[in-house]
Amino acid sequence: MRTFSSQHRTVRRLILYIILFSSAITLISSALQLYLEYTKGVSDINAEIHQIKDSQLESIALNVQDRNIQLLQLQLDGLVKLPGIERISIVTTDRVKWRAGEVMSNEIIDERFVLYQHGREQEPPLGILQIVVGLDELYSRLTDRVYFIVISNGIKTFLVAGFILYLFQYLVTRHLGKISDFAQNLTFDKPIPPLVLDRTEKERSSPDELQTVVTALNGMQLRLGDELKKRLEAEQKLLASRDQIAHLDRLNSMGEMVSTITHEINQPLTAIASYAQSATRRIDNARPEQQAELQQWLATTLKKISEQALRSGKVLQRIRNFVKLRAMDMQRLDANTMLREVSDMVETTANSNQVSLVLELNPSPLYVEGDPVQLQQVSINLIKNAIEASHPGAQVVISTCLNSENNEVELCIHDEGVGVSGEAVEHLFEPFYTSKKQGMGVGLSISLAIAKAHNGTLKYQANAQGGCDFTLTLPAVGEEVAYDV
Ligand code: ADP
């Protein structure tokens, strides 16, 4: 419907332009025609006047010379009847006058000829012949012609314009509707027949502008259909690969989770195993007189085992909380106390690696705000890494200090072990980077995440002894609350 009316809008505009243009042409051509008729009328009058001069001037001069008044008057009366001539008069040098007719027109042509005696043109003239031709008749004839010329030109132009419009409608407009319907109903999901205009076979076989548009539209429909098909296929492939990526991502997250859990639980389990092994050894080797001492030792060791078992539970709880994105259990705690506790926990590992732990803690408590289990986790990880990198007989120094400039507490783990190679430094904190056979490579990345979650930092530095210094920095807080496990 919209196509139809817009199609008519074009036709209406075309009609308007044709009317305007044809009216202008009609007016110009009519004006030209009238001007030509006017100049022809005027030149006819001049020709008539000159004909009178050529044919009558001599005999009029003779009659004036002979004073043949009767003949002269007859001659004048005859001339004044010629078309357009309104008055004709003769005035002699001795002021005698003859004339015929009256001037009636407003616009006239006034021609005067000098009368000489025949063959005596050098002598004084006899008088003057005045011929007055009226133009009103010419004008009224032209006025009558105006209507005729304008109306006939108008009819001619409008007939031509109408014919052009008809041709335009027949050759173009009626096809536009079909073309626009085709374009509006274009679909690419199912094949549709190509656009064919209602034209004769001859018209169709000789390609013109319309046929070019039709061919272009049919081609466009085919190409767009192909493109759409390709696009749909590409979208399907993309969806399939997105599913695959999501699947891989889930697998990856699961793998990461399993590694984290294994790593974190492995530490207390190793401690429990080593306590249990040494308990078995003590029981096997104990002599009867050592029973009381053994009992006391076993009580202490079982307490340590139960502490480690509880710690495993807490670690699991933390991981669960981490997965559930629960808030951390923030407390004020003394970094010195925490590190004393942690070094007790890793003592067995240190012993079995023949490494001694040295505590160089700040003389006064250093309070920080943090999740005790998470900070323990970081410290255990750093100390265990240091022990594992150290040679037998070496020391691992655990120290704390207050950086009063930044109001930060620094926890440093210093070892004199194998150190980190230049290339490995860049990957230290990346998940799954490990140089150990049994390593998971997640300890440092988790430790860094925990440090950041506490608004702190975890930094590595090579030291002069060829080993590593790992420094955990946490914002210092007031002294009110002491650490309590
Ligand atoms: P993992 O201990 O399971 O390998 P971590 O993330 O804790 O995972 O450590 C990653 C790697 O960083 C280790 O495999 C080791 O190569 C290196 N590393 C960490 N701490 C030290 C250290 N104190 N001395 C030497 N290398 C270390």
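Structure report, in brief. Remember, it's a predicted structure, so these values are computed and weren't measured experimentally.

## With respect to the sheet that holds strand S2 (residues 97-100)
One key point about sheets: their strands pair by backbone hydrogen bonds, in either a parallel or an antiparallel sense.
No. 1: With respect to topology, four strands assemble into an open sheet ordered S2-S1-S4-S3, the strand pairing being antiparallel. For this open sheet the edge positions go to S2 and strand S3 (108-115), each flanked by a neighbour on one side alone. When the angles between neighbouring strand axes are averaged without regard to direction, this sheet yields 15°.
No. 2: The pairing of strand S1 (residues 85-92) with strand S4 (residues 127-134) spans seven bridges and is antiparallel. When the sheet's bridge partners are listed, Ser89 is paired in S4 with Gln130.
No. 3: Across the sheet, helix H2 (residues 69-79) touches S1, S2 and S4, and the angle it forms with S2 is around 35°.

## Examining the packing of helix H7 (residues 335-345) against helix H9 (residues 372-389)
No. 1: Contact geometry of H7 with H9 gives a least axis separation of 10 Å together with a crossing angle of 50°. Compared by their axis directions, H7 and H9 come out oblique. When you trace H7 past H9, the crossing you get is right-handed. Side by side, H7 and H9 meet where Met338, Leu339, Val342 and Met345 of the first sit next to Leu375, Gln376, Ser379, Ile380 and Ile383 of the second.

## A short note on the site of the ligand
No. 1: Surveying the vicinity of the ligand reveals 21 residues, the closest of which are Thr434, Ser435, Lys436, Met440 and Leu444.
No. 2: One of the side-chain N or O atoms of Asp415 is found 2.9 Å from a nitrogen atom in the ligand.
No. 3: In isolation the ligand exposes 530 Å². Once the protein is present, 95% of that is buried.
No. 4: Of all the secondary structure elements, the ones that give two or more residues to the shell around the ligand are H9, helix H11 (443-453) and strand S11 (468-475).

## Some details on H11
No. 1: With eight of eleven residues buried, H11 lies mostly within the body of the structure.
No. 2: Gly443, Leu444, Ser445, Ile446, Ser447, Leu448, Ile450 and Ala451 are the residues of H11 that are buried.
No. 3: A positive backbone phi angle near 60° is found at Asn455, which sits one or two residues after H11.

## Considerations on the packing of H9 against H11
No. 1: Viewed as axis vectors pointing N to C, H9 and H11 meet at an angle of 145°, and their least axial separation amounts to 10 Å. Here H9 and H11 pass one another in a crossing that is left-handed. Where H9 approaches H11, its residues Gln374, Leu375, Gln377, Val378, Asn381, Leu382 and Asn385 are matched on the opposing element by Gly443, Leu444, Ile446, Ser447 and Ile450.

## Points about the nonpolar core
No. 1: Formed by 38 residues in total, the largest nonpolar core has its most connected members in Leu375, Leu411 and Leu472.
No. 2: Those elements that place two or more of their residues in this core are H7, H9, strand S8 (395-403), strand S9 (408-415), H11, strand S10 (457-462) and S11.
No. 3: Examining the composition of this core, we find that seven residues originate from one element, H9, more than from any other.
No. 4: Leave out the neighbours within four places in its chain, and Leu472 touches Leu375, Val378, Val409, Glu410, Leu411, Ala451, Thr457 and Leu458.
No. 5: Ranked by size, the runner-up nonpolar core spans 29 residues in total, among them Val80, Leu129, Leu142 and Ile149.

## Some remarks on the sheet that holds S11
No. 1: Taken in spatial order, the five strands line up as S6-S8-S9-S11-S10 in an open sheet, and their pairing is mixed. Two strands lie at the open edges of the sheet, namely strand S6 (356-360) and S10, each paired on one side alone. Each adjacent strand pair in this sheet contributes to an overall mean axis angle of 20°, direction not counted.
No. 2: In the packing of H11 onto the sheet, contacts are made with S10 and S11, and the angle to S10 comes to roughly 130°.

Conventions and cut-offs
- Residues numbered from 1 in each chain as written.
- Predicted model: local features only at pLDDT ≥ 70, side-chain atom pairs only at ≥ 80, totals over all residues.
- Heavy atoms only, no water.
- Pairing = 2+ DSSP bridges.
- Helix = DSSP H or I, 4+ residues; strand = E, 2+ residues; numbered from the N terminus.
- Axes fitted to C-alpha atoms, helices over the stretch in contact; angles between N-to-C directions.
- Contact = heavy atoms within 4.5 Å.
- Parallel < 35°, antiparallel > 145°, perpendicular 65-115°, else oblique.
- Left-handed = near helix turned anticlockwise from the far one by under 90°.
- Near = heavy atom within 4 Å.
- Polar contact = N/O pair within 3.5 Å; in protein donor to acceptor, adjacent residues only side chain to side chain.
- Areas by Shrake-Rupley, 256 points an atom, 1.4 Å probe, with all protein chains shown as cover.
- Buried < 20%, exposed > 50% of the residue type's maximum accessible area, 1.4 Å probe, protein only.
- Core = buried A, V, L, I, M, F, W, Y, C linked by side-chain atoms within 4.5 Å.

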